[in-house]
Amino acid sequence: MPVEVIMPKVDMDMTSGTIAVWHVAEGAEVQSGEPLFDIETDKAAMEVESPASGRLHHVLAEAGSEVAIGKAIAWIYAPGEEVGAPPEGSAQGPAPETPGKAAAGETTAPRPITPAPPAVPDHPAKPRATPAARHLARENALDLAAIAGSGPAGRIARGDVERALRESGEQLPSAASGWQPEGGPLVVHRAGGSTGAPLVMIHGFAADSAGWQKLEACLPTERPVVKIDLPGHGRSPRRPVDSFRSLARMVVEAFDAEGLDGAHLVGHSLGAALALALADVRPRRVASLTMLAPAGLGPEMNGALLSGLARAGRKESLAPWLKQLTAEPQIVTESFVMAAMQARKDPALRAYQQDLAETLFPDSVQSFDLTPALDRLAIPAQVVWGRKDRVFPWKQALQAPGRVALHLLHDTGHMPHLEAPEEVAAVIASRLQAAAGQPVVTPAG
Amino acid sequence: MTAPAAVLDSPLRELSYAEAIRDALAIALAEDERVVLMGEDIGVYGGAFQVSGDLVHRFGEERVIDTPISELGGAGMAVGAALTGLRPIYEFQFSDFATLAMEQIVNQAAKLRFMLGGAVSVPLVMRFPAGSGTGAAAQHSQSLEAWFGHVPGLKVVQAATPYDAKGLLLAALDDPDPVMLFEHKLLYKTKGPVPEGRYTVPIGKAEVCRTGSNVTIVATAIMVHRALEAAEVLAQEGIDAEVIDLRTVRPMDRETVVASVAKTSRLVVAYEGVRTLGIGAEVSASIVESEAFDYLDAPIVRLGGAEAPIPYNPELEKAAVPQVADILSAVRGVVRGTR
């Protein structure tokens, strides 16, 4: 009997999950306990392990489809087991074989393998939508067929239309402000040596991988360092981002493409939130997580500072904002401002970043909440925050569960890796040593 | 609760639902000598659910009349009394026994005004102890109010609170046409504030018992209490439920329901009668036929009784009618878009 793969309930009030990606192709072999697919719920994304060893068949739910919990989505056949007809629809398991009523002499030919029809038929010509959604779409001359529904079987509710309306409203200024959507993978910078588990660094909003320089200088040099440029930052393409989740997906893609194992993640601000999201979906390939002044732990933020940074087109308008990032304004020197402006001289980059800020931080609110992911985290993790952070209040760190270490730095603002690189490096190094089984030496001071 | 100012001035005391009905009956008997009570064992015995209680001692056997064990006969007598100038209030021991009296209720009481060109009216009040939860099994536990709601010429009322039980009964007596009062048996012992003296609660008017913005729960009788209990739990989860006590099944207060659903966009209907072809269907239809249709943002959910006779086993009896947990899961489903 093949083992059925069901949509698991991984969250208290989850009633369905969306399959983000299958890690195993139809017909391919899989071992029990290996990652089989990723699911996304309203709150989180996570990896689901294979319940059995064998070959995967009858995949009923493709990536992107939403499935009710408890529903069978595929079956795993033991090695050598004959692949039969696809079992009927749901979690009741394969339909029993019809007892041999065949006329004498008739050979029992294996039944053809055709995938079972999906539980809900597709009507591409006629989208499923609530009356309220239809009404709102009609009033705004929106085509329902172009809207993705969030309800069961893709049903479009009023909220989906409202989102589509907001997005169509947002796309106009972005087109006017002149950035063209681009494709392709995120740019990844590789540095350091080749000994030991890699460090993966994810920079924050309106920064890029060059911003890690000061911290890198204080870190051990033998390890490989992988720095990811976020879309529309540094040298990465300007890929359209419609939500935190879609941004996180791009980072996961870039991480997966590197084929890393036992990675130590270091992220700053928005990059810290992305590192946390990455650790949440790839727990087995991440050894530790260090979050510097992370986003995503509370709604409050300094929206004026963020949009000011994204907008600033000259060093005169950029400098005052930059000086708010750090506790001591003199850290932001004239040459620092000039270098920062050099990286931001392209108006399309600034336009892209303004749109990204509006998507992720609408109305100066952090729209994504990563505290559930932090609660779930099983790997060693630590938060480093400056007590004088003027972007996100450090008290958001108190959202973290007890097993997450918290390092609060005096006289430090939103840029601990620039303002206190040695202290931050020591915090990271202690984690690396702990992972390597070496005794942890607390840095002096 | 809406009460006339004069009523609010009088002291509020707590009465049980049964006591509130008895209070209304006593007021009616004292005020109007045309009022008579009829029914099986309502005299010295005090009624199957002790609603009439001591009224026979206070008003005498000519006003509180024990009728023979024949619902058809008793109901016929009541219809005749109403036609000829009295104001009878007929009590069934169990609403299930109304099946024996259907001829008198449906073919006579409901029709005579129309068939006689308005020359007569039938100012009859009938009281029906209804509903499950007492372990009385299939022939003593039904909720048949929707049957009567299907008959033009009848008014059908379900009070959920002692206050409404008294006010609606007095309003029924003021009505020139037959009014059927369905009283949920589990409510008889529930207590609530009931003013002294006469007041009425309008027939045909629903009450918004709890205002909310995310979902409308329309409930009748005991389901009102279950819906309110569910609403408190849901509030903790961030779901703001509006609870409407329908109070009258016929004529139904569609306006209140439509206005609420136009606001909340979601509807769950909870009632004890069998789900199919019941109150839920009528409430749903009034939404999809109205301007509220365009505001609906989730499928409507009807929570009604199981498609089965009410079982004797107490666990199965509970499972056969909507409970708080059923309301919770239905509301979560429609609000979170998973249903």
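Residues numbered from 1 in each chain as written. Chains lettered and ligands numbered in written order. Predicted model: local features only at pLDDT ≥ 70, side-chain atom pairs only at ≥ 80, totals over all residues. Heavy atoms only, no water.

## Re the overall build of chain B
And then number 1: Along the backbone of chain B there are 13 helices and 14 strands.
And then number 2: Whereas a compact globule of 339 residues would reach a radius of gyration of roughly 20 Å, chain B reaches 20 Å, a difference of no more than 12%.
And then number 3: Considering chain B as a whole, with its 339 residues, one finds that 56% of them fall into the buried category.
And then number 4: Pairs at least 24 residues apart make up 82% of the contacts formed inside chain B by residues separated by at least 6 positions.
And then number 5: Only carbon and sulfur atoms are counted for the fraction: they give 56% of the accessible area of chain B, which is about 13,400 Å².
And then number 6: With 29 positive and 43 negative side-chain charges, chain B shows a spacing of 3 Å between the two charge centroids. (Helix = DSSP H or I, 4+ residues; strand = E, 2+ residues; numbered from the N terminus. Rg over C-alpha atoms; globule rule 2.2 N^0.38 Å. Buried < 20%, exposed > 50% of the residue type's maximum accessible area, 1.4 Å probe, protein only. Contact = heavy atoms within 4.5 Å. Areas by Shrake-Rupley, 256 points an atom, 1.4 Å probe, with all protein chains shown as cover. Lys, Arg positive; Asp, Glu negative; His and termini not counted. Charge placed at Lys NZ, Arg CZ, Asp CG, Glu CD.)

## Things to note about the overall build of chain A
And then number 1: Counting its regular elements, chain A contains 12 helices and 15 strands.
And then number 2: Sorting the 445 residues of chain A into buried and exposed places 46% on the buried side.
And then number 3: Pairs at least 24 apart in sequence give 68% of the contacts found in chain A among residues at least 6 apart.
And then number 4: A total accessible area of about 21,200 Å² is found for chain A, and carbon and sulfur atoms account for 55% of it.

## Points about the interface of chain A and chain B
And then number 1: If you look at the interface, chain A gives 14 residues, while chain B gives 12 residues.
And then number 2: Considering only the side of chain A, the residues that lose the most area to chain B are P131(A), R155(A) and R158(A), jointly responsible for 43% of the buried surface there.
And then number 3: Connecting chain A to chain B are 1 salt bridge.
And then number 4: Note that R138(A) and D294(B) form a salt bridge whose closest N and O atoms lie 3.7 Å from each other.
And then number 5: In this structure, the connection of chain A to chain B is made through 6 residue pairs in polar contact (both at pLDDT 80 or more).
And then number 6: Elements represented by at least two residues in the side of chain A that touches chain B include exactly α1 (131-139) and α2 (158-177) of chain A. (Buried area = accessible area lost by both parts, 1.4 Å probe. Salt bridge = Lys/Arg side-chain N within 4 Å of Asp/Glu carboxyl O. Polar contact = N/O pair within 3.5 Å; in protein donor to acceptor, adjacent residues only side chain to side chain.)

## Observations regarding the sheet that holds strand β3 (residues 29-30) of chain A
All names here are of chain A.
And then number 1: The strand order β1-β8-β6-β3 describes an open sheet built from 4 strands, whose pairing is antiparallel. The strands lining the two open edges of the sheet, one partner per strand, are β1 (3-6) and β3.
And then number 2: As judged from the 2 bridges shared by β3 and strand β6 (residues 54-57), these two strands associate in the antiparallel manner. Within the sheet, the bridge partner assigned to V30 lies in β6 and is G54. (Pairing = 2+ DSSP bridges.)

## Things to note about the domain arrangement of chain B
All names here are of chain B.
And then number 1: You can read the domains of chain B as domain 1 (12-195) and domain 2 (207-336).
And then number 2: On the side of domain 2, 23 residues touch domain 1, which itself brings 28 residues to the contact.
And then number 3: For R247, the salt bridge identified is with D164, shortest N-O distance 3.3 Å.
And then number 4: For the interface between domain 1 and domain 2, the tally reads 12 residue pairs in polar contact (both at pLDDT 80 or more).
And then number 5: Listed by contribution, the elements that provide at least two residues to the side of domain 1 that touches domain 2 are α7 (145-149) and β6 (155-158).
And then number 6: Residues of the side of domain 1 that touches domain 2, tallied by class, amount to 13 nonpolar, 12 polar and 3 charged. (Domains from an automatic or database assignment. Nonpolar A, V, L, I, M, F, W, Y, C, P; charged D, E, K, R; others polar.)

## Quick look at the pairing of strand β14 (residues 381-386) of chain A
On any regular strand, side chains alternate: one points to one face of the sheet, the next to the other face.
All names here are of chain A.
And then number 1: Within β14, 6 of the 6 residues are buried, which leaves the element mostly enclosed by the surrounding structure.
And then number 2: Every second residue of β14 is oriented toward a common face, with A381, V383 and W385 on one face and Q382, V384 and G386 on the other, all of them buried.
And then number 3: Here 5 bridges tie β14 to strand β15 (residues 405-409), and the two strands are oriented parallel to one another. Looking at the pairing, G386 lines up with L409 of β15.

## Quick notes on the pairing of strand β11 (residues 241-245) of chain B
All names here are of chain B.
And then number 1: Burial analysis of β11 places 5 of its 5 residues in the buried class, the great majority of the element.
And then number 2: Residues of β11 alternate between two faces, with A241, V243 and D245 on one and E242 and I244 on the opposite face, all of them buried.
And then number 3: Note: strand β9 (residues 207-210) against β11, 3 bridges, orientation antiparallel. In the sheet register, V208 faces β11, and the bridge partner there is I244.
And then number 4: Examined bridge by bridge, strand β10 (residues 215-219) and β11 share 5 bridges and lie parallel to one another. Residue pairing for β11: V215 is matched across the bridge by A241.
And then number 5: The parallel pair β10 and β11 is bridged by helix α9 (residues 222-236), and the resulting crossover is right-handed. (Right-handed = clockwise from strand over helix to strand, strands pointing away.)

## Topic: a negative patch on the surface
Residues and elements named next belong to chain B.
And then number 1: Taken together, D41, E61, E62 and D66 make up a surface patch of like negative charges.
And then number 2: For D41, the location among the structural elements is in the loop between β2 (35-39) and α3 (55-59).
And then number 3: Given the relative accessible area of 38%, D41 is considered partly exposed. (Patch = residues over 30% accessible without salt bridge, like charges linked within 9 Å, V, L, I, M, F, W, Y side chains within 5 Å.)

## Some words on the packing of helix α6 (residues 303-311) of chain A against helix α7 (residues 315-325) of chain A
All names here are of chain A.
And then number 1: α7 packs onto α6 with a crossing angle of 135° between their chain directions and a minimal axis gap of 9 Å. Classified by the angle their axes make, α6 and α7 are oblique. Note that α6 runs across α7; the crossing there is left-handed. Seen from α6, the contacting residues are A304, L305, G308 and L309; seen from α7, they are L318, W321, L322, Q324 and L325. (Axes fitted to C-alpha atoms, helices over the stretch in contact; angles between N-to-C directions. Parallel < 35°, antiparallel > 145°, perpendicular 65-115°, else oblique. Left-handed = near helix turned anticlockwise from the far one by under 90°.)

## Side note on the packing of aromatic side chains
And then number 1: Counted according to the given criterion, the structure contains 13 aromatic pairs over all chains.
And then number 2: Judged by centre distance (5.3 Å) and plane angle (75°), the rings of F49(B) and F94(B) are edge-to-face. Of this pair, F49(B) sits in the loop between β2 and α3 while F94(B) is found in the loop between β4 (87-91) and α5 (102-109), placing the two residues 45 residues apart along the sequence.
And then number 3: In this structure an aromatic cluster arises from ring pairing among Y17(B), F49(B), F94(B), F97(B) and Y188(B).
And then number 4: Seen from the ring of W394(A), R387(A) lies directly overhead, with NZ or CZ sitting 5.4 Å from the centre. (Phe/Tyr/Trp six-rings, centres within 6.5 Å; stacked < 30°, edge-to-face > 60°. Lys NZ or Arg CZ within 6 Å of the ring centre and 35° of its normal.)

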